[in-house]
Amino acid sequence: TFIDSTNDRVGIGTTSPSQLLDITSSGGTWVGQALTRYDGNGGLIQGRSAGGTSGSPTATGATDALLYLQGIGFVDGAFTSRQVDIGLRSNQAWTTGARGTYIAFRTTPDNSSTIAEAMRITGSGNVGIGTTSPAAQLNIVKDGSSSTLFLDAYGTDTTSSQLRIRRWNGTQ
């Protein structure tokens, strides 16, 4: 363990930590963190976000990042910017009674270096694929010359593979 007291950083497996906590392995072992509890409640990874400063925090703002899981690769002698991530974000300026959120899944297409949102789950439960503002429980948008949607079912029993679209009048 290396402590960089000048920059307030800790390195495990490295003497030049680039983050507050930098865990590095040269191979042979997965770099990971184990969060173990023995009371049935599991581990917790928590992101906390506030405006202002640590001495005078303010409410979380609209579209603030609450927590990110990011993937970063190495090319041309350096680590890249994030190329894939899952972002937990605020959807509105937070107040006591309004704390809307969404989850954004962002990826980078083949033969590209530009990350873009591929899917979103809104605070109301709508899922958008190809759209950042899903207008229904499932909203799929495909722009471009090829806009085919495939729903495949495989198996030998051809009578049980179905796609059902129903409109219920009243209760289900």
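None of these values were measured; they are calculated from a predicted model. (Residues numbered from 1 in each chain as written. Predicted model: local features only at pLDDT ≥ 70, side-chain atom pairs only at ≥ 80, totals over all residues. Heavy atoms only, no water.)

J.: How would you summarise the side chain of T122 if you had to cite specific residues and measurements?
T.: Position of T122 relative to the elements: it lies in strand 11 (residues 116-122). Within the local environment of T122, its side chain forms a polar contact with the side chain of S124, the two groups lying 3.0 Å apart. T122 has contacts with T101, Y102 and P134, leaving out every residue within four places of it along the chain. (Helix = DSSP H or I, 4+ residues; strand = E, 2+ residues; numbered from the N terminus. Polar contact = N/O pair within 3.5 Å; in protein donor to acceptor, adjacent residues only side chain to side chain. Contact = heavy atoms within 4.5 Å.)

J.: With reference to specific residues and values, describe the layout of surface pockets.
T.: If you add up the space inside the largest pocket, you get close to 990 Å³. Elements with a contribution of two residues or more to the lining of the largest pocket: strand 3 (21-23) and strand 6 (65-71). When residues of the lining of the largest pocket are assigned to their parent elements, the largest contribution, five residues, is made by strand 6. Partitioned by chemical class, the residues of the lining of the largest pocket number nine nonpolar, eight polar and one charged. (1 Å grid on protein atoms, 1.4 Å probe; cavity = no way out; pocket = protein on both sides within 12 Å on 5 of 7 lines; lining within 4 Å. Points joined across faces, edges and corners; volume = space filled by probe spheres on them. Nonpolar A, V, L, I, M, F, W, Y, C, P; charged D, E, K, R; others polar.)

J.: How would you explain the pairing of strand 10 (residues 101-107) if you had to name every residue and give the values?
T.: Side-chain alternation along strand 10 places Y102, A104 and R106 on a buried face and T101, I103, F105 and T107 on a face that remains uncovered. Sheet topology places strand 9 (residues 84-90) next to strand 10; six bridges connect them, and they run antiparallel. Across the sheet, R89 pairs through a bridge with Y102, a residue of strand 10. Examined bridge by bridge, strand 10 and strand 11 share six bridges and lie antiparallel to one another. Looking at the pairing, Y102 lines up with T122 of strand 11. (Buried < 20%, exposed > 50% of the residue type's maximum accessible area, 1.4 Å probe, protein only. Pairing = 2+ DSSP bridges.)

J.: Break down a nonpolar patch on the surface for me, with residues and values.
T.: Nonpolar side chains collect at one region of the surface, where I129, L138, I140, L149 and L151 lie side by side and expose about 480 Å² of accessible area between them. By the element assignment, I140 lies in strand 13 (residues 138-140). (Patch = residues over 30% accessible without salt bridge, like charges linked within 9 Å, V, L, I, M, F, W, Y side chains within 5 Å. Areas by Shrake-Rupley, 256 points an atom, 1.4 Å probe, with all protein chains shown as cover. Salt bridge = Lys/Arg side-chain N within 4 Å of Asp/Glu carboxyl O.)

J.: Give a detailed account of the packing of aromatic side chains, specifying residues and quantitative values.
T.: Throughout the structure, instances matching the rule amount to one aromatic pair. Summarising the aromatic geometry, the rings of F74 and F79 are spaced 5.0 Å apart at their centres and angled 75° between planes, so their arrangement reads as edge-to-face. When sorted by exposure, F74 lands in the same class as F79, which is exposed. Looking at R82, its charged tip hangs above the ring of Y68, at a distance of 4.8 Å from the centre. Directly above the aromatic system of Y102 lies the positively charged group of R120, at a separation of 3.8 Å from the ring centroid. (Phe/Tyr/Trp six-rings, centres within 6.5 Å; stacked < 30°, edge-to-face > 60°. Lys NZ or Arg CZ within 6 Å of the ring centre and 35° of its normal.)

J.: An account of the sheet that holds strand 2 (residues 9-12) is requested, with residue identities and associated values reported.
T.: Strands in a sheet are paired, the pairing made by backbone hydrogen bonds, and the direction either parallel or antiparallel. If you walk across this open sheet you meet the three strands as 1-2-3, and the pairing is mixed. Every other strand in the sheet has two partners, leaving strand 1 (2-4) and strand 3 as the edge strands with one partner each. The average angle at which neighbouring strand axes cross in this sheet is 15°, direction not considered. When strand 2 meets strand 3, the two strands line up parallel, connected through three bridges. Bridging across to strand 3, V10 finds its partner in L21. (Axes fitted to C-alpha atoms, helices over the stretch in contact; angles between N-to-C directions.)

That's the geometry; what it means functionally is another story.
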